[in-house]
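# What the coordinates show
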Amino acid sequence: MDSVYHLIRQPSRVVIVTHKNPDGDALGSTLALAAVLHKLLHTVTVVLPNDFPPLFNFLHGVDKAIIGEMNPELAMAAFEKADIIFCLDFNSLDRIDRFGLDVMASNAVKILIDHHIDPEPFADHILSKTEASSTAELVYDFLVDNKLEGYIDVNVAEALYTGILMDTGSFRYATNPHVFEIAAALKRMGMDDYMLQIRLFNSMTEKQLKLLGHCLANRMELMTEYQTGIIWLDRDDYKNWSIGRGDTEGIVNYILMVRNMKMAVFVSEQQNVTKLSFRSKGNINVQEICHTHFNGGGHRNASGGQLKASMEDTLAKVKEIIPLTMNAYQLQHEQ
Ligand code: 5GP
Ligand code: MN
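A tally of helices and strands in the protein yields twelve helices and twelve strands. Over its C-alpha trace the protein gives a radius of gyration of 20 Å, about what one expects of a compact globule, namely 20 Å for 335 residues. If you line up the protein on its principal axes, its C-alpha atoms span 60 × 40 × 40 Å. Put simply, 65% of the contacts in the protein that link residues at least 6 apart link residues at least 24 apart. Total accessible area computed for the protein in this model is approximately 16,000 Å², and 50% of it derives from carbon and sulfur atoms. Side-chain charges in the protein split into 30 positive and 42 negative, and the spacing between the mean points of these groups amounts to 3 Å.

Printed below as a string of structure tokens:
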């Protein structure tokens, strides 16, 4: 990364792109890096393949991002003119939809910063660490390693902490000792962690809370024998509840709150595909399941995928795969 150190000190046209359906880590890491590079006098453009949940409206600079789905020409022009392209929080170009082609075609220097398993080798420089619980941590380390710590202001610190909070489930999952050191450093910089907790976790709309109730009361099925639970929402649910971006965020996690549950699956019927979200505890590897059976991937304990199939067929496939997968593990029931 020695050449990167010099590269980022030379003002140029930078594009930062993150994965589609951007989550808190995708947005936080991207906006933090964008703000620092802006201070270094780069012309910085943030490209999000599609829109982000309104929950993240408060993040500094998010309003200036180009939403690729709405402004494809603008996004393509940015890629075409770029001298440097940063790819954050994704490991394969299909995670940014059609813009993968623009990244591939570009002559810009490409830098990947990510924490997913098996990154595709499309970038010139790759900072990939699966042991990091969030890309935000890696961006923090990237800034420190490149002697840019002094450029981390309160807005940058809040963006980074948002990424960390969302990807670690408030320090519950996949944490490493270093993430607590970063959190401490960000807090010393004036980041208001209490405000962020309120904004991110105590800001549900009435509709979202009632939708959660609907999911738990009417759409949850537990396969206790296999320590797995499923929650599903079909097209009618989407219509009846006018479900929007971000309204179903986090619902899958409730299954793992049930004693003995080791794996959770959330299935939602979208316009053209059926989307799946998997979560697990311990050694149950949902990345493998999503990669092998559902055209996806992610992390060992949090992954996603999709099928071009109806809700009915998708649920049938899920229920067929659960016993096959779970029987391979030595399942133990707690008291
Ligand atoms: P979520 O279930 O919250 O959508 O995603 C959980 C994790 O799985 C994230 O790390 C995300 O990057 C990954 N993921 C979600 N959907 C897909 C997908 O369709 N393909 C791949 N490769 N990863 C996904
Ligand atoms: Mn992430």
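Domain parsing of the protein yields domain 1 (2-201) and domain 2 (206-334). The centre of domain 1, based on its C-alpha atoms, is set 27 Å off from the matching centre of domain 2. Between domain 1 and domain 2, the residue contacts involve twelve residues of the former and nine residues of the latter. Summing the contributions of domain 1 and of domain 2, the shared interface buries around 810 Å²; its carbon and sulfur component is 52%.

Time to look at the coordination of the manganese ion (ligand 2). Every protein donor of the manganese ion (ligand 2) is accounted for by Asp 25 (OD), Asp 89 (OD), His 115 (NE2) and Asp 167 (OD), and the metal-donor separations fall at 2.2 to 2.4 Å. Each donor residue of the manganese ion (ligand 2) belongs to the same chain, and together they define the spacing D-x63-D-x25-H-x51-D. With Asp 25 in helix H2 (residues 24-39) and Asp 167 in helix H6 (residues 154-167), this pair connects stretches of sequence that are 142 residues apart.

Near ligand 1 you find 13 residues, and of these Arg 95, His 116, Lys 275, Ser 277 and Arg 279 are the closest. A distance of 2.5 Å separates an oxygen atom of ligand 1 from a polar atom in the side chain of Ser 277. For ligand 1, an oxygen atom lies 3.1 Å from a polar atom in the backbone of Gly 304. About the coverage of ligand 1: the protein hides 82% of its 490 Å² of free accessible area. When contributions to the shell around ligand 1 are tallied by element, the ones reaching two or more residues are strand S10 (274-280), strand S11 (297-298) and strand S12 (302-307). With four residues, the top contributor of residues to the shell around ligand 1 is S12.

What follows deals with unusual backbone geometry. Even without being glycine, Asn 21 reaches a positive phi, approximately 50°. Relative to the helices and strands, Asn 21 resides in the loop between strand S1 (13-18) and H2. Classification of Asn 21 by relative accessible area gives partly exposed; the value is 36%. Its identity is not glycine, yet Ser 242 carries a phi of approximately 35°, on the positive side.

What follows covers the pairing of S12. Across six bridges, the pairing between S10 and S12 is antiparallel. Along S12, the bridge assignment pairs Thr 274 with Leu 307. Pairing geometry for S11 and S12, over two bridges, is antiparallel. Looking at the pairing, Gly 297 lines up with Gly 304 of S12. Hairpin connection of S11 to S12: three residues between the antiparallel strands.

A sheet is described by the order of its strands in space; here six strands give the open sequence S7-S8-S9-S10-S12-S11, paired in mixed fashion. Edge positions in the open sheet fall to strand S7 (220-223) and S11, since each of these has one partner strand only. On the sheet, helix H9 (residues 206-218) packs against S7 and strand S8 (228-233) and is oriented at approximately 125° with respect to S8. In the packing of helix H12 (residues 311-326) onto the sheet, the strands contacted are S7, S8, strand S9 (263-269), S10 and S12, and the crossing angle to S8 comes to about 170°.

Taken as a whole and judged by the stated rule, the model has six aromatic pairs. Where Tyr 161 meets Phe 171, the ring centres are 6.0 Å apart and the plane angle is 45°; that geometry is what we call tilted. Here the residue Tyr 161 occupies a position in helix H6, and Phe 171 occupies one in the loop between H6 and helix H7 (177-188), the gap between them amounting to ten residues. One aromatic cluster is present, formed by Tyr 161, Phe 171 and Phe 180 through successive ring pairs. If you follow Arg 9 out to its NZ or CZ, it ends over the ring of Tyr 5, 3.9 Å from the centre.

The rules behind these values
Residues numbered from 1 in each chain as written. Chains lettered and ligands numbered in written order. Predicted model: local features only at pLDDT ≥ 70, side-chain atom pairs only at ≥ 80, totals over all residues. Heavy atoms only, no water. Helix = DSSP H or I, 4+ residues; strand = E, 2+ residues; numbered from the N terminus. Rg over C-alpha atoms; globule rule 2.2 N^0.38 Å. Contact = heavy atoms within 4.5 Å. Areas by Shrake-Rupley, 256 points an atom, 1.4 Å probe, with all protein chains shown as cover. Lys, Arg positive; Asp, Glu negative; His and termini not counted. Charge placed at Lys NZ, Arg CZ, Asp CG, Glu CD. Domains from an automatic or database assignment. Buried area = accessible area lost by both parts, 1.4 Å probe. Donors = N, O, S within 2.8 Å, 3.2 Å for Na, K, Ca; no water. Near = heavy atom within 4 Å. Polar contact = N/O pair within 3.5 Å; in protein donor to acceptor, adjacent residues only side chain to side chain. Buried < 20%, exposed > 50% of the residue type's maximum accessible area, 1.4 Å probe, protein only. Pairing = 2+ DSSP bridges. Axes fitted to C-alpha atoms, helices over the stretch in contact; angles between N-to-C directions. Phe/Tyr/Trp six-rings, centres within 6.5 Å; stacked < 30°, edge-to-face > 60°. Lys NZ or Arg CZ within 6 Å of the ring centre and 35° of its normal.

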